[in-house]
Amino acid sequence: MNDFFDNLPSAKQMLKLIVFLILLLIVAGLVAALVKLLVPILVLVVLVLGGVYFFSRKQNGHATS
């Protein structure tokens, strides 16, 4: 049982790990918030570009309807 306690990491190493994991969670949250913010903008851009594409096809007489 004494070998088990000898192989445990030190308190300083554990503190570094905890700080690193907290920073990782903060970065992941920021990335998720940024993606959540950019998805509606991306959908709007796709809709506008699709509208321009189909409008230009209709102007050139390539539309099926």
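See the structure printed just above.
Since this is a predicted model, take the numbers as computed values, not measurements.

Student: Which parts of the structure should I look at to understand the overall build of the chain?
Tutor: Of regular secondary structure, the chain possesses two helices and zero strands. A globule of 65 residues ought to have a C-alpha radius of gyration of about 11 Å, yet the chain, at 27 Å, is considerably larger. Along the longest, intermediate and shortest principal axes, the C-alpha atoms of the chain span 85 × 20 × 10 Å. For the chain, buried positions account for 0% of its 65 residues. When the accessible area of the chain is evaluated, it comes to approximately 6,300 Å², of which 76% is carbon and sulfur surface.

Student: Even after reading the chapter, I still don't get the environment of aspartate 3, so can you show me in this structure?
Tutor: Turning to its location among the elements, aspartate 3 is positioned in helix H1 (residues 2-6). Sequence separation between aspartate 3 and valine 31 is 28 residues; the distance between their C-alpha atoms is 42 Å.

Student: Mind showing me how you'd approach the environment of phenylalanine 5 here?
Tutor: By secondary structure assignment, the location of phenylalanine 5 is in helix H1. On a C-alpha basis, the gap between phenylalanine 5 and alanine 33 in space is 41 Å, while along the polypeptide they are 28 residues apart.

Student: I keep staring at the environment of serine 10 and nothing clicks. Help me out?
Tutor: Here serine 10 is to be found in the loop between H1 and helix H2 (11-59). The spatial distance from the C-alpha of serine 10 to the C-alpha of phenylalanine 55 is 67 Å, given a sequence separation of 45 residues.

Student: I keep staring at H2 and nothing clicks. Help me out?
Tutor: The periodicity of an α-helix, 3.6 residues per turn, causes residues three or four places apart in sequence to face the same way. Helix length check: H2, at 49 residues, gives a terminal C-alpha distance of 71 Å against a target of 72 Å (1.5 Å per residue), a fit within 8%. The principal kink in H2, of about 30°, is found at leucine 38, preceding the proline proline 40 by one to four residues. Glycine 61 sits one or two positions beyond H2 and adopts a positive phi of about 80°.

Criteria and cut-off values
- Residues numbered from 1 in each chain as written.
- Predicted model: local features only at pLDDT ≥ 70, side-chain atom pairs only at ≥ 80, totals over all residues.
- Heavy atoms only, no water.
- Helix = DSSP H or I, 4+ residues; strand = E, 2+ residues; numbered from the N terminus.
- Rg over C-alpha atoms; globule rule 2.2 N^0.38 Å.
- Buried < 20%, exposed > 50% of the residue type's maximum accessible area, 1.4 Å probe, protein only.
- Areas by Shrake-Rupley, 256 points an atom, 1.4 Å probe, with all protein chains shown as cover.
- Expected span 1.5 Å × (residues − 1).
- Bend = angle between axes of the 7 residues up to and from the residue.

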